Amino acid sequence: MELVGLNPEHYNRFPSEFSGGQRQRIGIARALALHPSLIICDEPVSALDVSVQAQVLNLLVRLQREYGLTYLFISHNLDVVQHMADRLLVMYLGRVAEMGPTVDVFRAPRHPYTLALLAATPEPDPDRPAPTITLEGNVPSPLTPPPGCRFHPRCPWAQERCKTETPGLRTMADGHVSA
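In this report, the structure presented in the accompanying data block is examined.

What counts as what
Residues numbered from 1 in each chain as written. Predicted model: local features only at pLDDT ≥ 70, side-chain atom pairs only at ≥ 80, totals over all residues. Heavy atoms only, no water. Helix = DSSP H or I, 4+ residues; strand = E, 2+ residues; numbered from the N terminus. Buried < 20%, exposed > 50% of the residue type's maximum accessible area, 1.4 Å probe, protein only. Contact = heavy atoms within 4.5 Å. Areas by Shrake-Rupley, 256 points an atom, 1.4 Å probe, with all protein chains shown as cover. Lys, Arg positive; Asp, Glu negative; His and termini not counted. Charge placed at Lys NZ, Arg CZ, Asp CG, Glu CD. Phe/Tyr/Trp six-rings, centres within 6.5 Å; stacked < 30°, edge-to-face > 60°. Patch = residues over 30% accessible without salt bridge, like charges linked within 9 Å, V, L, I, M, F, W, Y side chains within 5 Å. Salt bridge = Lys/Arg side-chain N within 4 Å of Asp/Glu carboxyl O. Polar contact = N/O pair within 3.5 Å; in protein donor to acceptor, adjacent residues only side chain to side chain.

Here's the deal with the overall build of the protein
Looking only at helices and strands, one finds 5 helices and 6 strands in the protein. Taken along the three principal axes of its C-alpha coordinates, the protein extends 65 × 40 × 35 Å. Put simply, the protein has 179 residues, and 35% of those count as buried. Within the protein, contacts between residues at least 6 apart in sequence are counted, and of these 46% link residues at least 24 apart. Total accessible area computed for the protein in this model is approximately 11400 Å², and 54% of it derives from carbon and sulfur atoms. Charge centroids of the protein, computed over 16 positive and 18 negative side chains, lie 6 Å from each other.

Digging into the packing of aromatic side chains
Taken as a whole, this structure holds 3 aromatic pairs when the rule is applied. Between Tyr92 and Phe151, the aromatic rings sit 4.9 Å apart at their centres with planes inclined by 80°, giving edge-to-face as the arrangement. Taken together, the residues span a long stretch of sequence, with Tyr92 in strand 3 (residues 87-92) and Phe151 in the loop between helix 5 (112-120) and strand 5 (170-171) at a distance of 59 residues. Grouping residues by exposure puts Tyr92 and Phe151 together as buried. Three or more aromatic residues link up through ring pairs in this structure, and these residues are Tyr92, Tyr113 and Phe151.

Overview of a nonpolar patch on the surface
A cluster of nonpolar side chains, Leu38, Ile40, Leu72 and Ile74, forms an exposed patch at the surface whose accessible area comes to about 360 Å². Elements with a contribution of two residues or more to the nonpolar patch: strand 1 (38-42) and strand 2 (70-74). Positionally, Ile74 belongs in strand 2. Taking the relative accessible area as the measure of exposure, Ile74 reaches 36% and is therefore partly exposed.

Some words on the side chain of Arg154
With respect to the helices, strands and loops of the structure, Arg154 is situated in the loop between helix 5 and strand 5. For Arg154, which is buried and forms no salt bridge, the nearest opposite charge comes from Glu136, at a distance of 8.3 Å. One polar contact links the side chain of Arg154 to the main-chain carbonyl oxygen of Glu136, over a distance of 3.3 Å. Here Gly137 takes part through its backbone oxygen, which lies 3.4 Å from a polar atom of the side chain of Arg154. In this structure, Arg154 is in contact with Tyr92, Leu135, Glu136, Gly137, Asn138, Val139 and Pro140, ignoring residues within four places of it in sequence.

This is how it looks when you write it as structure tokens:
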């Protein structure tokens, strides 16, 4: 518990007596107790306020450095992903849309869904133009995804063949992979 920033007196508390950040730290401590080499972090900071998010992310970075941990980090928050991940995999309705080194995917997205995700992220610098892409329509049901490319009903670049053909993944010379 001390490793994740909790005091010894926390041992006897009830779950309802912990804050959201403390609960995340407990979850991390429980995972570390097994001495893993891989930890799956599924939206680990999504329910926390920004200052507590930063504390938990910094804790994860420190633990990774000290214990040689690998994280499979699942998040919808692209700023957090950019901070935490060396490699990025973008999915749409259960299929890979794009994958590659995080810096490359952020610098030069190749799939329109990735571009739309990045365009939806607020740009803190008002002098820097933000990419724009508008997605039309509704997200299809994951239980009954559309045939062909799952993104075609919302894709501004869709062609007729996208309605029937499921795109394969293409690997570029730089290791970037895109559907």
